[in-house]
Amino acid sequence: VLVEEQVAAEVLKEAGPLGMPVYFLRVNDPDAEANGIVPGALTQDGSAIMGTIFDASTGKVVGGFSMNAMQARLSGAPREVRQVWTPETLAALGRDGAEQQPLAKTLPKDVMLWAAALMRGKKRSSS
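Residues numbered from 1 in each chain as written. Predicted model: local features only at pLDDT ≥ 70, side-chain atom pairs only at ≥ 80, totals over all residues. Heavy atoms only, no water.

Enquirer: Is there a simple way to think about the overall build of the protein chain in this case?
Expert: For the protein chain, the helix and strand inventory stands at 4 helices and 6 strands. Of the roughly 8,200 Å² of accessible surface on the protein chain, a fraction of 56% belongs to carbon and sulfur atoms. (Helix = DSSP H or I, 4+ residues; strand = E, 2+ residues; numbered from the N terminus. Areas by Shrake-Rupley, 256 points an atom, 1.4 Å probe, with all protein chains shown as cover.)

Okay, structure coming up:
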């Protein structure tokens, strides 16, 4: 479960006993670069790293959170797939020419947008 930092402790109390991992996002992390997360760095699909993802139970860095750069400037609910990248995959992006895979993806709440995002992803992977 990925939540906002201010509610992570409360969600962890409820989700932890169920065995659900809880992570939180910090957008303006002063230690991001020291943890291998470079805000503004671009992923292979052109999305920008917008923040750092932490494990709520340990406080350790899990990865970087990317969002389409244009979507970040728009107001309202995000309509694109957002991704979580480990520091290792972020470091490898563009370095060895191999395509890297994100650790996790979020999907829009709207079912039609969810289906469209899956179809776009499938088309990209087959081309």
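Enquirer: Would you explain the pattern of salt bridges in this entry?
Expert: Side chains bearing opposite charge may pair, as long as their charged atoms lie close to each other. The tally for this structure, following the rule as stated, stands at 3 salt bridges. As a salt-bridge pair, E5 and R26 come within 2.7 Å of each other at their nearest N and O atoms. In this pair, E5 sits in the loop between β1 (2-4) and α1 (8-15) while R26 sits in strand β2 (residues 23-26), placing the two residues 21 residues apart along the sequence. Residue classification places E5 among the partly exposed residues on the basis of a relative accessible area of 33%. With its nearest N and O atoms 3.8 Å apart, the salt bridge here joins E10 to K13. Of the two residues, E10 and K13 are both situated in helix α1; the distance of 3 residues between them amounts to about one turn of the helix. For K13, a relative accessible area of 59% corresponds to the exposed category. Within the structure, one salt-bridge network assembled from shared partners comprises E5, R26 and D29. (Salt bridge = Lys/Arg side-chain N within 4 Å of Asp/Glu carboxyl O. Buried < 20%, exposed > 50% of the residue type's maximum accessible area, 1.4 Å probe, protein only.)

Enquirer: What should I look at first to understand the environment of L25 in this one?
Expert: Structurally, the position occupied by L25 is in strand β2. According to the relative accessible area criterion, L25 is partly exposed, its value standing at 23%. The sequence separation of L25 and E4 amounts to 21 residues, and the corresponding C-alpha distance is 5.7 Å. Residue contacts for L25: discarding those within four places in its chain leaves L2, V3, E5, G51, T52, I53 and F65. (Contact = heavy atoms within 4.5 Å.)

Enquirer: How do you make sense of the pairing of β2 when you look at a structure like this?
Expert: Two faces make up the sheet, and in a regular strand the side chains alternate between them. Pairing of β1 with β2 involves 3 bridges; the strand directions are parallel. Counterpart to V3 in the pairing with β2 is F24. Regarding the hand of the β-α-β motif, the stretch spanning β1, α1 and β2 is right-handed. Looking at chain direction, β2 and strand β3 (residues 47-55) are connected through 4 bridges and run antiparallel. Counterpart to Y23 in the pairing with β3 is D55. (Pairing = 2+ DSSP bridges. Right-handed = clockwise from strand over helix to strand, strands pointing away.)

Enquirer: What should I look at first to understand a nonpolar patch on the surface in this one?
Expert: On the surface, a cluster of nonpolar side chains totalling about 280 Å² of accessible area is made up of V1, L18 and M20. In this fold, M20 is placed in the loop between α1 and β2. A relative accessible area of 37% means that M20 is categorised as partly exposed. (Patch = residues over 30% accessible without salt bridge, like charges linked within 9 Å, V, L, I, M, F, W, Y side chains within 5 Å.)

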